[in-house]
Amino acid sequence: MLVYTMRRLVGAVPVLVLASLLTFVMIDVSGDPLAELRMATPPPPEAVIEQEAERLYLDRSMPERYWLWVTGIGGEGNIGLLQGEFGPSTQGQQYEIGPEIAERLWTTLRLVGIAMLLALGLAIIAGAVSAMRQYSKLDYTLTFVGFLCLAMPTFWLAGIVQASGVEINQLIGENLFKTIGDGRYGAEGAPPWDQFVNAFAHMALPTLVLMLTSFASWSRYQRTSMLEVLNSDYVRLARAKGLRDKVVIRRHALRTALIPLTTVFALGVAGIIDGTILTETVFQWRGLGDFFITAVENNDSYALMGWLLLSGFMVILANLIADLLYGVLDPRIRYE
């Protein structure tokens, strides 16, 4: 498996290079980063525009700018992915894209990580129970909840959950749920328990939103996969041999049924990233979602390219993890 992992990591390099090229071209042709400056009233002197264009390397050709963005060779030390620099920002010389992404990455990861783990666990349980009790009242209830969450747009669901949190706070007379902010600076220097309570209060509602949107689709896939496995010949044979249902479900059916869900999980990472943007916007989290919105508003091309490249890397990493999990879930799969 180690050799296979290394081969996949090496194979991911051309994919990342292609992703970086497509990202650069797409952002470069999408608009002029200096459009707002050129349309300012009163218009700035032409020398100011030329100076800003030179600072952003807009005075060079597209191939040269891409080479600068990747390698940093020929730049002024503020650009070059291989050197850990994402490039200058249109938001000013004091705004450093790399440190800003690093700071916001942890804010987003702790939200997305917990939401994905909860959604995955609930989806496995709900899907398996629905399949084992097909056409029962519980199956119909879980199916209804799943389709209801699927039908709700993320921004609308986030707004409903946020409003519900406010109503609960007013009902109990305490500020149990925080509906604005990520809570990073709410309990500095406080005891560990107070820090935990503060983090829970800020994370509960946005985590619930992301969990419901992911759980809805994953549980449907798990139910379908589980039904297919339960009706397979080898499961029937295991039951005919006298094995208990718990053993058949745990050792044979559930393990195999997780393989399609693993694929769906890896492919759904991009959708989770999109949902995070909307959720962080509604709850005003200063994570990567807010970073993306700010970059769009300021037409910050290098910040957008950095965000898109990081998102692509996360999708590639998720698919690599999924490929490795196949061998764990199904012993018949061998990596050669």
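This is a predicted model, so every value here is computed, not measured. (Residues numbered from 1 in each chain as written. Predicted model: local features only at pLDDT ≥ 70, side-chain atom pairs only at ≥ 80, totals over all residues. Heavy atoms only, no water.)

## Re the overall build of the protein
Line of reasoning, step 1. Regarding its fold elements, the protein presents 13 helices and 2 strands.
Line of reasoning, step 2. Counting only C-alpha atoms, the protein reaches 85 × 60 × 40 Å along its principal axes.
Line of reasoning, step 3. Looking at the protein as a whole, 41% of its 336 residues qualify as buried.
Line of reasoning, step 4. Residue pairs at least 24 apart in sequence account for 70% of intrachain contacts in the protein once pairs closer than 6 positions are excluded. (Helix = DSSP H or I, 4+ residues; strand = E, 2+ residues; numbered from the N terminus. Buried < 20%, exposed > 50% of the residue type's maximum accessible area, 1.4 Å probe, protein only. Contact = heavy atoms within 4.5 Å.)

## Side note on the pattern of salt bridges
Line of reasoning, step 1. Counted under the stated rule, the structure contains 9 salt bridges.
Line of reasoning, step 2. Across the salt bridge formed by E100 and R286, the nearest N and O atoms sit 3.2 Å from each other. A residue pair is termed long-range when its members are at least 10 positions apart, and E100 in helix α5 (residues 97-132) and R286 in the loop between α11 (269-283) and α12 (288-297) qualify at 186 residues.
Line of reasoning, step 3. In this structure, the salt-bridge partner of R239 is D245, at a minimum N-O distance of 3.6 Å.
Line of reasoning, step 4. The exposure class of R239 is partly exposed, given its relative accessible area of 38%.
Line of reasoning, step 5. A network of salt bridges, in which partner residues are shared, links E100, R104, R286 and D290. (Salt bridge = Lys/Arg side-chain N within 4 Å of Asp/Glu carboxyl O.)

## Some words on the UniProt feature "transmembrane region" (unreviewed entry) in the protein
Line of reasoning, step 1. UniProt marks residues 109-129, 141-161, 199-218, 253-273 and 307-329 with the feature "transmembrane region" (unreviewed entry), using the numbering shown here.
Line of reasoning, step 2. Helix makes up 95% of residues 253-273 and strand 0%. Its end C-alpha atoms lie 31 Å apart. (UniProt positions renumbered as here; feature names shortened; annotations may be inferred.)

## Details of the side chain of E280
Line of reasoning, step 1. For E280, the location among the structural elements is in helix α11.
Line of reasoning, step 2. R104 provides the closest opposite charge to the buried, unpaired E280, separated from it by 6.5 Å.
Line of reasoning, step 3. Not counting the four nearest positions on each side in its chain, E280 is found in contact with T108, L111, W285, G287, L288, G289 and D290. (Lys, Arg positive; Asp, Glu negative; His and termini not counted.)

## Quick notes on a positive patch on the surface
Line of reasoning, step 1. Residues R244, K246, R250 and R251 make up a contiguous surface patch of positive charge.
Line of reasoning, step 2. Within the element layout of this structure, K246 appears in helix α10 (residues 245-267). (Patch = residues over 30% accessible without salt bridge, like charges linked within 9 Å, V, L, I, M, F, W, Y side chains within 5 Å. Areas by Shrake-Rupley, 256 points an atom, 1.4 Å probe, with all protein chains shown as cover. Charge placed at Lys NZ, Arg CZ, Asp CG, Glu CD.)

## Observations concerning the packing of aromatic side chains
Line of reasoning, step 1. Inspection of the entire model under this criterion finds 5 aromatic pairs.
Line of reasoning, step 2. Ring-pair connections join several aromatic residues into one group, and the members of that group are F24, Y66 and W69. (Phe/Tyr/Trp six-rings, centres within 6.5 Å; stacked < 30°, edge-to-face > 60°.)

## Notes on helix α4 (residues 62-71)
Line of reasoning, step 1. Where α4 is concerned, the buried positions are R65, Y66, L68, W69 and T71.
Line of reasoning, step 2. Those residues of α4 that are buried are in contact with α1 (2-28), β1 (79-80), β2 (85-86) and α13 (301-329).
Line of reasoning, step 3. Backbone geometry just after α4 places G72 at a positive phi near 80°.

## Considerations on the packing of α12 against α13
Line of reasoning, step 1. Packing of α12 against α13 leaves a shortest axis separation of 9 Å and a crossing angle of 145°. Relative to α13, the crossing made by α12 is left-handed. Residues L288, F291, F292, A295 and V296 of α12 form the contact with α13, whose participating residues are A303, L304, W307 and L310.
Line of reasoning, step 2. Partitioned by chemical class, the residues of the contact of α12 with α13 number 9 nonpolar, no polar and no charged. (Axes fitted to C-alpha atoms, helices over the stretch in contact; angles between N-to-C directions. Left-handed = near helix turned anticlockwise from the far one by under 90°. Nonpolar A, V, L, I, M, F, W, Y, C, P; charged D, E, K, R; others polar.)

## Looking at unusual backbone geometry
Line of reasoning, step 1. Cis rather than trans, the peptide bond between T41 and P42 has omega equal to 0°.
Line of reasoning, step 2. With respect to the helices and strands, the residue P42 is situated in the loop between α2 (35-38) and α3 (46-55).
Line of reasoning, step 3. In the Ramachandran plot, Y135 falls in the positive-phi region, its phi being about 65° despite a non-glycine side chain.
Line of reasoning, step 4. Note that Y135 resides in the loop between α5 and α6 (137-151).
Line of reasoning, step 5. Even without glycine at this site, Q284 takes up a positive phi of about 55°.
Line of reasoning, step 6. Within the secondary structure layout, Q284 lies in the loop between α11 and α12.

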